[in-house]
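What follows is the residue order along each chain.
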Amino acid sequence: QVQLVESGGGLVQAGGSLRLSCAASGTIFSVNAMGWYRQAPGKQRELVSVMVSGGRTNYADSVKGRFTISRDNAKNTFYLQMNSLKPEDTAVYYCTASSSARNYWGQGTQVTVSS
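Residues numbered from 1 in each chain as written. Predicted model: local features only at pLDDT ≥ 70, side-chain atom pairs only at ≥ 80, totals over all residues. Heavy atoms only, no water.

Whenever I open this one, the pairing of strand S4 (residues 33-39) confuses me. Can you help?
Within a regular strand, side chains alternate between the sheet's two faces. Counting buried residues along S4, 5 of its 7 residues qualify, which places the element largely inside the surrounding structure. Sheet topology note: the S4/strand S5 (residues 46-52) ladder contains 6 bridges and is antiparallel. Opposite arginine 38, over in S5, you have glutamate 46 as the bridge partner. Turn length for the S4-S5 hairpin, with the two strands adjacent in sequence and antiparallel, is 6 residues, and the turn residue glycine 42 shows positive phi of about 75°. The pairing of S4 with strand S9 (residues 91-98) spans 7 bridges and is antiparallel. Bridging from a neighbouring strand, arginine 38 pairs with tyrosine 93 of S9. (Buried < 20%, exposed > 50% of the residue type's maximum accessible area, 1.4 Å probe, protein only. Helix = DSSP H or I, 4+ residues; strand = E, 2+ residues; numbered from the N terminus. Pairing = 2+ DSSP bridges.)

Would you mind going over the pattern of salt bridges with me for this structure?
Two side chains with opposite charge may pair up if their charged atoms get near one another. If you walk through the whole model with that rule in mind, you get 4 salt bridges. Lysine 64 is the salt-bridge partner of aspartate 61, the closest N and O atoms lying 3.1 Å from each other. Among the residues examined, lysine 64 registers a relative accessible area of 49% and is labelled partly exposed. A single network of salt bridges, built from pairs that share partners, joins Arg38, Glu46, Arg66 and Asp89. (Salt bridge = Lys/Arg side-chain N within 4 Å of Asp/Glu carboxyl O.)

Honestly, the sheet that holds strand S7 (residues 67-72) in this entry has me stumped. Any pointers?
Strands belonging to one sheet form pairs held by backbone hydrogen bonds; the direction of such a pair is parallel or antiparallel. Here we have 4 strands laid out as an open sheet, ordered S1-S3-S8-S7, and antiparallel in their pairing. Either end of the sheet is taken by a strand with one partner, and the two such strands are strand S1 (2-7) and S7. On average, each strand axis in the sheet is tilted by 20° relative to the strand beside it, whichever way the strands run. Relative to strand S3 (residues 18-26), S1 is paired through 6 bridges, and the arrangement is antiparallel. Paired with glutamate 6 across the two strands is cysteine 22, which belongs to S3. (Axes fitted to C-alpha atoms, helices over the stretch in contact; angles between N-to-C directions.)

Looking at this structure, I do not really get the nonpolar core. What am I missing?
Soluble, globular proteins show a tendency: their nonpolar side chains are buried together. Among the nonpolar cores identified, the biggest contains 29 residues, and Leu4, Trp36, Phe67, Leu80, Met82 and Tyr93 are the most heavily contacted of them. Sorting the residues of this core by element identifies S1, S3, S4, S5, S7, strand S8 (77-82), S9 and strand S11 (109-114) as the ones contributing at least two each. Each residue touching phenylalanine 67, except ones within four places of it in the same chain, is listed here: Arg38, Val48, Tyr59, Leu80, Gln81, Met82, Asn83, Leu85, Asp89 and Tyr93. (Core = buried A, V, L, I, M, F, W, Y, C linked by side-chain atoms within 4.5 Å. Contact = heavy atoms within 4.5 Å.)

Teacher, can you tell me more about unusual backbone geometry here?
Across the chain, the bulk of peptide bonds are trans and the bulk of non-glycine residues have phi less than zero. Although it is not a glycine, asparagine 76 adopts a positive phi angle of roughly 50°. Its location among the elements puts asparagine 76 in the loop between S7 and S8. Owing to a relative accessible area of 34%, asparagine 76 belongs among the partly exposed residues under this scheme. With a phi close to 50°, serine 84 is a non-glycine residue in the positive phi region. Relative to the helices and strands, serine 84 is located in the loop between S8 and S9. Classification of serine 84 as partly exposed rests on a relative accessible area of 41%.

By themselves, these are just geometric observations and shouldn't be taken as functional.
Here is the structure:
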């Protein structure tokens, strides 16, 4: 089992920045990919960014050049740095970790960007 605890959401003005953190514990050795999803009101959950073993990353077109996923192996934590935030980035953000057996999810953290 892997447990994920998120932090770092909040309210920010358009153009501002936030950094989300996701602290992982448990059978972390089984994880081969980690990432972030978001879900805005009335919309489906969508992939924001993913990092797979080896460090390869991928981003949704809507966040490319503004968001950066990273990890700190020593802290068992991964991050989503969000810059130049837009009102349309407002959503609940979820971190996720995947093993060959299943996906694990954090509890979600609210990000609200005011115009």
